[in-house]
Amino acid sequence: MSILPLVFTSGWASGVNAYAVVLLLGVFGATGVSDEVPEALQRPDVLIAAGVLFVCEAVADKIPYVDSAWDSVHTVIRPVAGAVVAALLAGQSGSLPELAAGAVGGSTALVSHLVKAGTRMAVNTSPEPFSNVVVSLAEDLGVGALISLAIFYPAAAAVVAGALLLAGVLLLFFLVSRIRRFRRRRAERRAEKRLAQAVGQRPG
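Residues numbered from 1 in each chain as written. Predicted model: local features only at pLDDT ≥ 70, side-chain atom pairs only at ≥ 80, totals over all residues. Heavy atoms only, no water.

(A) Structural detail: the pattern of salt bridges. All told, the structure shown has nine salt bridges when counted by the stated rule. In this structure, K116 and D61 form a salt bridge, with 3.1 Å as the shortest nitrogen-oxygen distance. Of the two residues, K116 sits in helix α4 (residues 98–123) while D61 sits in the loop between α2 (44–60) and α3 (66–93), which places them 55 residues apart along the sequence. We note that K116, like D61, is buried. The salt bridge partner of K62 is D140, with a shortest N-O separation of 3.2 Å. Here the residue K62 occupies a position in the loop between α2 and α3, and D140 occupies one in helix α5 (residues 130–152), the gap between them amounting to 78 residues. Each of the salt bridges in this network shares a partner with another, and the network as a whole consists of D61, D67, K116, R120 and E139. (Salt bridge = Lys/Arg side-chain N within 4 Å of Asp/Glu carboxyl O. Helix = DSSP H or I, 4+ residues; strand = E, 2+ residues; numbered from the N terminus. Buried < 20%, exposed > 50% of the residue type's maximum accessible area, 1.4 Å probe, protein only.)

Written out as structure tokens, the structure reads:
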């Protein structure tokens, strides 16, 4: 069960930024920093793809409303990525069944993704765009720091990831009203867009 802390931490991080997790783990493995990283994550094509997608996410994640649209698209991608990374890590170490590791990584990624998506909806109710940039940078730095910590001190990283996950879930309860406000505004924007299109299509 020695790989379980790394599996849990990578699952939490995948729910926030799956591409950063794949890229960081791959780099740590390719450079010989860690023997726990499977070869599948060290392949040059995987690292290049993860790097390109990480840049795309880094840009999209800092633009109000675009970040929430990006999160919606990744509701499936992040948990699946968390499950796959966890299963690969378990297969590499042999200390935890791959199916169990995939379940832990995928479920943890799903919860952390929902926390991230809900928090960003609440942030998007603010009129200024700077809060999006600050929150996005904090998420990117947090993922990088926690994955790095997990490579050297997996148990400590898992404790931090668990605390962040619990804090995020509790935070969502306090942000429910702001999330509802975001959804209401988004519905109003869609209604206005449909109305404008209908008006534009009327014969003159």
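(B) Region of interest: the packing of α2 against α3. Relative orientation of the contacting elements α2 and α3 amounts to 140 degrees, with a least axis distance of 9 Å. One way to sum up the angle between α2 and α3 is to call them oblique. Where α2 approaches α3, its residues C56, E57 and A60 are matched on the opposing element by V66, D67, W70, H74 and R78. In terms of residue class, the contact of α2 with α3 is built from four nonpolar, one polar and three charged. (Axes fitted to C-alpha atoms, helices over the stretch in contact; angles between N-to-C directions. Parallel < 35°, antiparallel > 145°, perpendicular 65-115°, else oblique. Contact = heavy atoms within 4.5 Å. Nonpolar A, V, L, I, M, F, W, Y, C, P; charged D, E, K, R; others polar.)

(C) Representation of the layout of surface pockets within the structure. Volume-wise, the largest pocket comes out at about 340 Å³. In this structure, the largest pocket is lined by 16 residues; those nearest its centre are W12, V16, V115, E139 and L164. Looking at the lining of the largest pocket, its residues break down into ten nonpolar, four polar and two charged. (1 Å grid on protein atoms, 1.4 Å probe; cavity = no way out; pocket = protein on both sides within 12 Å on 5 of 7 lines; lining within 4 Å. Points joined across faces, edges and corners; volume = space filled by probe spheres on them.)

(D) Spatial organisation of helix α1 (residues 4–30). Here α1 is 27 residues long, yet its end C-alpha atoms lie only 22 Å apart, well below the 39 Å a rise of 1.5 Å per residue gives. Remark: the principal bend of α1, roughly 130 degrees, maps to N17. Among the 27 residues that make up α1, 20 are buried, leaving the element largely enclosed by the rest of the structure. Phi turns positive one or two residues past the end of α1, at G32, with a value near 80 degrees. (Expected span 1.5 Å × (residues − 1). Bend = angle between axes of the 7 residues up to and from the residue.)

(E) Structural detail: the environment of A83. For A83, the location among the structural elements is in helix α3. In contact with A83, other than residues within four places in its own chain, are G102, G105 and G106.

(F) How the structure looks around unusual backbone geometry. In this structure, Y65 takes a positive phi of about 70 degrees despite not being glycine. In this fold, Y65 is placed in the loop between α2 and α3.

(G) A look at the environment of G11. Looking at the element boundaries, G11 is found in helix α1. Setting aside chain neighbours within four positions, we find G11 in contact with G105, T108, A109 and S112.

(H) Local environment of the nonpolar core. Judged by nonpolar contacts, the single largest core of 28 residues is most densely connected at V7, W12, V21, L25, V85, V143 and I147. Those elements that place two or more of their residues in this core are α1, α3, α5 and α6 (154–174). Looking at this core element by element, the count peaks at ten residues for α1. (Core = buried A, V, L, I, M, F, W, Y, C linked by side-chain atoms within 4.5 Å.)

(I) Here's a closer look at α3. With 28 residues, α3 should reach 40 Å at 1.5 Å per residue; the first-to-last C-alpha distance of 38 Å fits that figure. At H74, α3 shows its maximal kink, close to 55 degrees. Positive phi shows up at G94, right after α3, with a value of about 75 degrees.

(J) Layout of a nonpolar patch on the surface. A grouping of V111, L166, V169, L170, L171, F173 and F174 is seen on the molecular surface, where their side chains present a nonpolar patch of about 700 Å² in accessible area. Considering every element that reaches the nonpolar patch, the biggest residue donor is α6, with six residues. Looking at the secondary structure, you find L171 in helix α6. Take L171: its relative accessible area is 38%, and that puts it in the partly exposed class. (Patch = residues over 30% accessible without salt bridge, like charges linked within 9 Å, V, L, I, M, F, W, Y side chains within 5 Å. Areas by Shrake-Rupley, 256 points an atom, 1.4 Å probe, with all protein chains shown as cover.)

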